[in-house]
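A structural walkthrough
For reference, the chains in residue letters:
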Amino acid sequence: MAANHQHLRAFHAIAVEGGVSRAARRLNVSQPTLSQQLKSLEARHGVTLFESRKTPLRLTAAGRDLFALTQKLFATAGDIDALLGESAGVAGGTLRLGSDHPHYAARLVQMVHRDHPLADVQVRMGNARDVMRWLGDAQIDAAIASDPPGDGSFSYEPLASDGLSCALPHDHPLAAHATVPIQAIAAETLLLRETGSKTRTFTERAMADADVAPRWSIELQSRETIREGIALGLGVSVFFTSECPPDPRIAYRPLDTGELAYALQTYLVCQTERRRSPLMRALQAIAAEIRAPQG
């Protein structure tokens, strides 16, 4: 008896997401509809695919065997769509992008418009946890996320690696040096982002590893406020290299952390089943271009 393709797609989405609710959002259908499609698949073939209906759902032995096949099935379907051009690409379509990094979001959008001037791009900003949740709920097509959690339902394309730089008033004595040793922060007032920010987390980790503490610290939260504080001589700060726009009032110097390196890895992320679509192929080519200068 031939399997119903729609029922297989429902099963596959539920298996990937581990629950009917998230799978329904992913496929943009109602939960009752998806549950009924799963029941119909099981009844039609006389199998039980999940051990229970409690979330997170666990596959039975038959479910695991079927999931291995549906992974191949929908990966191949994506390849066929890409080959025949039946999937919506970037040109003339809409790209919904989520990002936790303003710099790389702006660069990617600029390059999308360069290559696909008719494309409509919508950008939604949030932290890494936010953008990965939006991607999992299919609220966006792709995400730019820094050090995102690993998840087999997503495909990760390296985008950039950012080291730490010290931001100083342009006339600060340390600005005369090519690099700033992390030990020098002990004599400075350090301007910090809010607790939980990646920049602050990496800064505090580097200082703890070097057994260094600033003379004084002030939390100013946003990058913009911190940059204004530096320009006014309020103190110094630490940014990732991509967060250092030209400003004649501020000098940026690499932060010398000795033998230990601190780099923030940023990725272009999409749902695994969409990684071969024309849309993602176009974005992956742009990601490779952004990544190329860094080697």
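As a reminder, the structure under discussion sits directly above these lines.
Since the structure is predicted, the reported quantities are computational estimates derived from the model, not experimental observations. (Residues numbered from 1 in each chain as written. Predicted model: local features only at pLDDT ≥ 70, side-chain atom pairs only at ≥ 80, totals over all residues. Heavy atoms only, no water.)

1. With respect to the packing of helix 1 (residues 5-17) against helix 3 (residues 31-45)
To keep things clear, this is the line we draw: Lines fitted to C-alpha atoms define the axes here, with helix axes fitted over just the stretch in contact, and angles between the N-to-C directions of these axes take values from 0 to 180 degrees. Each helix is a run of H or I in the DSSP string that is no shorter than four residues. Each strand is a run of E no shorter than two, and both are numbered from the N terminus. Roughly parallel means an angle under 35 degrees; roughly antiparallel means over 145; roughly perpendicular covers 65 to 115; every other angle is labelled oblique. Left-handed describes a crossing whose near helix is turned anticlockwise from the far helix through less than a right angle; right-handed describes the clockwise counterpart. Working rule for contacts: check all heavy atoms of both residues, and any pair within 4.5 Å makes them a contact.
Where helix 1 meets helix 3, the closest approach of the two axes is 8 Å, and the angle between their N-to-C directions is 110 degrees. The angle between the axes of helix 1 and helix 3 places the two elements in the roughly perpendicular class. Considering only the axes of helix 1 and helix 3, their crossing is left-handed. When helix 1 is examined against helix 3, the residues Gln6, His7, Leu8, Ala10, Phe11 and Ile14 are found in contact with a partner set consisting of Leu34, Gln37, Leu38, Ser40 and Leu41.

2. What to know about empty space enclosed by the protein
We apply this condition: Buriedness for pockets is judged along seven lines, at least five of which must meet protein on both sides within 12 Å for an open set on the 1 Å grid over protein atoms alone, while cavities are sets there where a 1.4 Å probe fits but cannot get out, and lining residues have an atom within 4 Å of a point. Grid points are joined across faces, edges and corners, and a volume is the space filled by probe spheres set on the points. Charged residues are taken to be Asp, Glu, Lys and Arg, nonpolar residues to be Ala, Val, Leu, Ile, Met, Phe, Trp, Tyr, Cys and Pro, and polar residues to be all remaining types, Gly included.
For the structure shown, the criterion picks out one cavity of 30 Å³ or more. Empty space within the largest cavity amounts to approximately 30 Å³. Lining the largest cavity are Leu191, Leu192, Arg193, Thr199, Arg200, Thr203, Ser237 and Val238. For the lining of the largest cavity, the elements supplying multiple residues, two or more each, are strand 7 (189-192), helix 7 (198-209) and strand 9 (236-240). Considering each element in turn, the lining of the largest cavity owes the most residues, three residues, to helix 7. Of the residues contributing to the lining of the largest cavity, the split by class is three nonpolar, three polar and two charged.

3. With respect to helix 5 (residues 102-115)
The cut-off we apply is this: Here the expected span of a helix is defined as 1.5 Å times the quantity of residues minus one. For every residue, the accessible area obtained with a 1.4 Å probe (protein chains only) is divided by the maximum for its type, and the residue is called buried under 20%, exposed over 50%, and partly exposed between those limits. The directions from the helix axis to the C-beta atoms are what the arc is built from.
Over its 14 residues, helix 5 extends 20 Å from the first C-alpha to the last, a length consistent with the 20 Å expected when each residue adds 1.5 Å. Among the residues of helix 5, Tyr104, Ala105, Leu108, Val109, Met111 and Val112 are the ones counted as buried. Mapping the buried residues of helix 5 onto a view down its axis gives an arc of 165 degrees, with all of them on the same face. Along its buried surface, helix 5 packs onto strand 1 (94-99), strand 2 (120-125), strand 3 (142-146), strand 4 (154-162), strand 11 (264-271) and helix 9 (278-291).

4. Quick word on the sheet that holds strand 2
Worth spelling out the cut-off: A pair of strands is labelled paired if DSSP reports no fewer than 2 bridges between them.
As summarised here, the arrangement of the five strands in space is 2-1-3-11-4, forming an open sheet in which the pairing is mixed. Only two strands of the sheet have a single partner each, and these edge strands are strand 2 and strand 4. Ignoring strand direction, the axes of neighbouring strands in this sheet form an average angle of 20 degrees. The pairing of strand 1 with strand 2 spans six bridges and is parallel.

5. Overview of the environment of Glu228
As for its position among the elements, Glu228 is in helix 8 (residues 223-231). Sequence separation between Glu228 and Pro169 is 59 residues; the distance between their C-alpha atoms is 9.9 Å.

6. Observations concerning the pairing of strand 9
Where burial is concerned, most of strand 9 is hidden: five out of the five residues are buried. Neither face of strand 9 is open: one carries Val236, Val238 and Phe240, the other Ser237 and Phe239, and all of them are buried. Both strand 5 (residues 164-169) and strand 9 contribute to a ladder of four bridges, which runs antiparallel. Of the residues in strand 9, the one forming a bridge with Leu164 is Phe240. Pairing of strand 7 with strand 9, which is carried by two bridges, proceeds in the parallel orientation. Paired with Leu190 across the bridge in strand 9 is Val236.

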